[in-house]
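# Descriptive analysis of the structure
These are the residues of each chain, in order.
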Amino acid sequence: MRISTWVWLLPSALYVVLTCVGSVLLQPAALPGWAVAAALASTLAAAVVAGHGERTGRHGAGWVVLVLLLVAAACVHGFDGAAIGSSLLLTGMPAGWTAFERGARGAAAGAVGIWTVAATPYVSGQGHDRDTLQRWDDVVAGIGLTAMVLLTWYVGRVLRQAQSDLVQRSRSLEREAATTRAIFESVDVALAVFLPGDHVLVNAPAAGLGHGLVVQPATARQQATASQFEVVDADGVTVTAPAAQAVLRAQRGEEFSGLVQWTGPREARRAMVCSSRRIRLEGTCEEGSVGTVFVAWDASESLDAARVRDEFLGTLTHELRTPLTAIVGYLDLHDELDLGSSDGAAHTYLDGVRRNVRALADHIEDLLLTARPEALSTGLVDVAALARSAVDAAAERARTAGLDLTLDGPATMAAFANDVAVRQVLDHLIDNALTYTESGGVRVDVARCAVPFGGDADAGPGFTVSVTDTGIGMTEHELARVFDRFYRTEAAVQRVLPGLGMGLAVTKQLVAAHGGTITAQSTPGAGSRFQVTIPPLPPEASAT
């Protein structure tokens, strides 16, 4: 922290001039003319040196200026026959400035200068005319000026430290601002920041969005008008009300996440996934919301790809299901008419054909279900009987593999559900457990689901089904993806185990259609446990 020499030189020079002029006018004989001339000359020389130092940038000129001003003060104070005690104050300004600018060395030089000027009357021989009170005034003034110099030095030290901290903080903030700007401009998603006073910051993708996502002035946010482009909801059909458009909601300070809106001309409509979050300052004088950040990214290609994929799966499975149904029909007709040969081998081959055709038909049904999910109708079903039937159907396969397949649960247990979907869930879970278990066994548990605290006691009863095996288990990474469509664990791929990776995805979808949940727990090498929970249905849903 550096202060211009003129800030303290001008007051000091003015004080010297006024002291000299006052002495000449009030008591002409008190101060010799040569002392007045020397003081004024020293002051003028100090001004010249200071001006030269300011112009050339030589900060060392301050020491010369200090000495010249002390010489001027010594001339006035040391040869003042009238004992003008205030003349010692001429040393205060330059000594204080030197202490502020030069630190400890400047404070020491200023203190030495003060006491040197205070001693000049006694060196020049003027001190013998002064009484004890006048001499005591010089001592008190010297002590006071010295204290001022030390205080000035301490204040300068504190201010310099504060300045250093402020500079470091300022540089840190500049780096953070530069980093934020770089991130703001480098991301591919559209970013807009709405600040108070209609201040808006947008990056390049946001500025080029168009498609109806335009920034509206504050006056138009509450009385939103229709955009130049049509904006529709995620279904791609329902027209979005102007006030519900994503940008306008963000500008009004609303918060939302994952909002999908189709915007733009009908022939080139784009799907934008939008989110908005308020900017909040905690623990500051501006605590609270100070703006809104709006983020949007174009998901048209992803949504179109998902739509095309689902349409392709739906079409493919439908086209495959038709000839498979015909094959199954002809095989059944063959059995009814007993057209086959009496040769046992022929019947074995036909049974193999029938079994594989039905397995392929089941896979196609799974694909069709995931591609075109349908709402499930519910009714009163016996979950225990469904579980018993699923276990009986898989018993032969378990015996062939040398595995124990057991069922634990009540003899009957009524619940509101879709019987076909529940049976499909049980088949998938049992099949999955048998496929990945080499030794040990599989246990199926069926139990009543308790009404949650605060729930409706008149609601339709819920239930839980868990399937536990002693199979190869899964890692945490595999467990996180086990319900994804077409996902198969590394162990299944390495061991060439049959399956499309659709069973658990279909199971999760069927459970979700009931409003339930499915969880999985697994330990590599120790087995897995899948639990399905179908919550109690409300009375009105139970009647559907």
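The shown structure was predicted, so the numbers you read here are calculated from the model rather than taken from an experiment.

### Some details on the packing of helix H10 (residues 383-401) against helix H11 (residues 419-435)
Axis separation between H10 and H11 bottoms out at 9 Å; the angle between their running directions is 30°. Our classification of the angle between H10 and H11 gives roughly parallel. Of the two possible hands of crossing, H10 and H11 adopt the one that is right-handed. Only Asp419, Val422, Arg423, Leu426, Asp427, Ile430, Asp431, Leu434 and Thr435 of H11 make contact with H10, whose side of the interface consists of Leu386, Ala387, Ser389, Ala390, Val391, Ala393, Ala394, Arg397 and Ala398. Looking at the contact of H10 with H11 residue by residue, the classes come out as 11 nonpolar, two polar and five charged.

### What to know about the packing of aromatic side chains
Summed over the entire model, instances satisfying the criterion amount to one aromatic pair. Centroid distance phenylalanine 483 to phenylalanine 530: 6.2 Å. Interplanar angle 85°. Geometry classified as edge-to-face. Taken together, the residues span a long stretch of sequence, with phenylalanine 483 in the loop between helix H12 (476-481) and helix H13 (490-494) and phenylalanine 530 in strand E13 (residues 527-534) at a distance of 47 residues. The pair phenylalanine 483 / phenylalanine 530 is uniform in exposure class, with both members buried.

### A few points about helix H14 (residues 503-513)
Buried residues of H14: Leu504, Ala505, Val506, Thr507, Leu510 and Val511, and no others. Just past H14, the residue glycine 515 takes up positive phi, approximately 80°.

### Some details on the pattern of salt bridges
Under the definition given, this model contains seven salt bridges. As a salt-bridge pair, arginine 252 and glutamate 254 come within 3.1 Å of each other at their nearest N and O atoms. The class of arginine 252 is partly exposed, set by a relative accessible area of 22%. If you follow the salt bridges from partner to partner, you end up with Arg249, Arg252 and Glu254 in one network.

### Some words on empty space enclosed by the protein
Per the stated rule, a full pass over the model turns up two cavities of 30 Å³ or more. Approximately 70 Å³ is the volume attributed to the largest cavity. For the largest cavity, the full set of lining residues is Val422, Val425, Leu426, Phe463, Val465, Leu510, Val511, His514, Val532 and Ile534. Among the secondary structure elements, those contributing two or more residues to the lining of the largest cavity are H11, strand E11 (462-469), H14 and E13. The element that contributes the greatest number of residues to the lining of the largest cavity is H11, accounting for three residues. Residue composition of the lining of the largest cavity, by class: nine nonpolar, one polar and no charged.

### Describing H10
Counted at 1.5 Å a residue, the expected span for H10 with its 19 residues is 27 Å, and the 27 Å between its end C-alpha atoms agrees. At alanine 395, H10 is deflected by roughly 40°, the largest bend along its length. When we look at burial in H10, the residues that qualify are Val383, Ala384, Leu386, Ala387, Ala390, Val391, Ala394, Ala395 and Ala398. Buried-residue contacts for H10 involve strand E7 (379-382), strand E8 (404-408), strand E9 (414-417), H11, strand E10 (441-449) and E11. For H10, the side-chain oxygen to backbone nitrogen distance between the N-cap and alanine 384 is 3.2 Å, and the N-cap itself is aspartate 382. Downstream of H10 by a residue or two, glycine 402 has a phi angle that is positive, lying close to 75°.

### What about a nonpolar patch on the surface?
Together, Trp115, Trp136, Val139, Val140 and Ile143 give the surface a local cluster of nonpolar side chains, amounting to about 480 Å² of exposed area. Here the nonpolar patch gets four residues from one element, more than from any other, and that element is helix H5 (residues 132-186). Its place among the elements puts tryptophan 115 in helix H4 (residues 92-124). According to the relative accessible area criterion, tryptophan 115 is partly exposed, its value standing at 36%.

### Focus on the sheet that holds strand E12 (residues 517-523)
On the basis of which strands lie adjacent, the open sheet formed by five strands has the order E8-E10-E11-E13-E12 and mixed pairing. The sheet is open, and its two edges are formed by E8 and E12, each paired on a single side. Across the sheet, the mean angle from the axis of one strand to that of its neighbour is 10°, orientation sign disregarded. Two elements, E12 and E13, share seven bridges in a ladder whose sense is antiparallel. Paired with isoleucine 518 across the strands is valine 532, a residue of E13. Along the sheet, H10 makes contact with E8, E10 and E11, crossing E8 at roughly 170°.

### Details of the nonpolar core
Val383, Leu405, Leu429, Ile430, Phe463 and Phe530 are the most contacted members of the largest nonpolar core, which totals 41 residues. Listing elements by their share of this core, those giving two or more residues are H10, E9, H11, E10, E11, H14, E12 and E13. Other than its neighbours up to four places away in sequence, leucine 405 contacts Val391, Ala394, Ala395, Ala398, Ile430, Val442 and Val444. Of all hydrophobic cores here, the second largest spans 21 residues; its members include Cys20, Ala99, Val117 and Val149.

Rules and cut-offs
- Residues numbered from 1 in each chain as written.
- Predicted model: local features only at pLDDT ≥ 70, side-chain atom pairs only at ≥ 80, totals over all residues.
- Heavy atoms only, no water.
- Axes fitted to C-alpha atoms, helices over the stretch in contact; angles between N-to-C directions.
- Helix = DSSP H or I, 4+ residues; strand = E, 2+ residues; numbered from the N terminus.
- Parallel < 35°, antiparallel > 145°, perpendicular 65-115°, else oblique.
- Left-handed = near helix turned anticlockwise from the far one by under 90°.
- Contact = heavy atoms within 4.5 Å.
- Nonpolar A, V, L, I, M, F, W, Y, C, P; charged D, E, K, R; others polar.
- Phe/Tyr/Trp six-rings, centres within 6.5 Å; stacked < 30°, edge-to-face > 60°.
- Buried < 20%, exposed > 50% of the residue type's maximum accessible area, 1.4 Å probe, protein only.
- Salt bridge = Lys/Arg side-chain N within 4 Å of Asp/Glu carboxyl O.
- 1 Å grid on protein atoms, 1.4 Å probe; cavity = no way out; pocket = protein on both sides within 12 Å on 5 of 7 lines; lining within 4 Å.
- Points joined across faces, edges and corners; volume = space filled by probe spheres on them.
- Expected span 1.5 Å × (residues − 1).
- Bend = angle between axes of the 7 residues up to and from the residue.
- Polar contact = N/O pair within 3.5 Å; in protein donor to acceptor, adjacent residues only side chain to side chain.
- Patch = residues over 30% accessible without salt bridge, like charges linked within 9 Å, V, L, I, M, F, W, Y side chains within 5 Å.
- Areas by Shrake-Rupley, 256 points an atom, 1.4 Å probe, with all protein chains shown as cover.
- Pairing = 2+ DSSP bridges.
- Core = buried A, V, L, I, M, F, W, Y, C linked by side-chain atoms within 4.5 Å.

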